[in-house]
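Given next are the chains, with one letter for each unit.
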Amino acid sequence: FDEGTVEDLKFLSEKHKEMELAEADKRNKEEEKLRMRAEEIKKAKEEAKREAEASARSSASSMPGMGGMPGMGGMGGIPGGMPGQSMPGMPNMADIMSDPELMAALQNPKVMAAFQELMAGPGGPMGAMNNPEKIQEMMADPEVG
């Protein structure tokens, strides 16, 4: 052990400590960015949910007794109700389309094309459920799935 080795070890230890602090600072900044983004998404989802609830309340209060065939008042007949409403237990199209992550994904032309193909196919989205090969084909594309 000589004096030069001790000085080298001290110098390298200080440099290593500086590098670790810089990496920790960088990691903390990235984590803060992720937290901020998660908070923005959460706020957007809450706002979309509030808007959907307000929309549902206003449509429910403005057309009481609607059911069956549109335009037929409260009369029975063809089940289904108003366009845009969904079956019990199924998500509402307005809720789906207000999802910020989905809206961001739809900015990708490939995703938009796949979504349009899914909606326009025979039976719409439920018809696609009967065609697992088509779903697997869409999901296999890294830009879509």
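Residues numbered from 1 in each chain as written. Predicted model: local features only at pLDDT ≥ 70, side-chain atom pairs only at ≥ 80, totals over all residues. Heavy atoms only, no water.

Enquirer: Tell me about the environment of Pro 100, and please be specific about residues and values.
Expert: Relative to the elements of secondary structure, Pro 100 occurs in helix H3 (residues 100-105). Assessed through its relative accessible area of 24%, Pro 100 is described here as partly exposed. The spacing of Pro 100 and Ala 48 is 52 residues in sequence and 8.4 Å in space, taken between C-alpha atoms. With residues up to four places along the chain from it excluded, the contact list for Pro 100 reads Ile 41, Ala 44 and Lys 45. (Helix = DSSP H or I, 4+ residues; strand = E, 2+ residues; numbered from the N terminus. Buried < 20%, exposed > 50% of the residue type's maximum accessible area, 1.4 Å probe, protein only. Contact = heavy atoms within 4.5 Å.)

Enquirer: Report on a negative patch on the surface, specifying residues and quantitative values.
Expert: On the surface, a cluster of negative charge is contributed by Asp 2, Glu 3, Glu 7 and Asp 8. For Glu 7, the position within the fold is in helix H1 (residues 3-62). (Patch = residues over 30% accessible without salt bridge, like charges linked within 9 Å, V, L, I, M, F, W, Y side chains within 5 Å. Areas by Shrake-Rupley, 256 points an atom, 1.4 Å probe, with all protein chains shown as cover. Salt bridge = Lys/Arg side-chain N within 4 Å of Asp/Glu carboxyl O. Lys, Arg positive; Asp, Glu negative; His and termini not counted. Charge placed at Lys NZ, Arg CZ, Asp CG, Glu CD.)

Enquirer: I'd like a description of the confidence of the model for the protein chain, backed by residues and values.
Expert: With 76% of its residues at a pLDDT of 70 or more, the protein chain has an overall mean of 77. Mean pLDDT values for the elements of the protein chain range from 74 in helix H5 (residues 124-129) up to 91 in H1. In the model, residues 63-84 has pLDDT below 50 throughout and makes 19 contacts with residues more than four positions away in sequence or in other chains. (pLDDT = per-residue confidence, 0-100.)

Enquirer: Can you tell me about a nonpolar patch on the surface, naming the residues and giving the values?
Expert: Taken together, Met 93, Met 97, Met 103 and Met 119 make up a surface patch of nonpolar side chains, about 280 Å² in accessible area. The residue Met 119 is located in helix H4 (residues 109-120) in this model. A residue is classified by how much of its surface remains accessible, and Met 119, at 31% relative accessible area, is partly exposed.

Enquirer: I'd love a proper account of H4, names of residues and values included.
Expert: Over its 12 residues, H4 extends 16 Å from the first C-alpha to the last, a length consistent with the 16 Å expected when each residue adds 1.5 Å. Taken together, the buried positions of H4 are occupied by Val 111, Ala 114 and Phe 115. Burial along H4 is one-sided: seen end-on, the buried residues are contained in an arc of 100°. Opposite the packed face of H4, turned more than 90 degrees from it, sit the exposed residues Pro 109 and Ala 120. Packing partners of the buried residues in H4 comprise helix H2 (93-97), H3 and helix H6 (132-140). Its side-chain oxygen 2.9 Å from the backbone nitrogen of Lys 110, Asn 108 forms the N-cap of H4. (Expected span 1.5 Å × (residues − 1). Arc of directions from axis to C-beta. Polar contact = N/O pair within 3.5 Å; in protein donor to acceptor, adjacent residues only side chain to side chain.)

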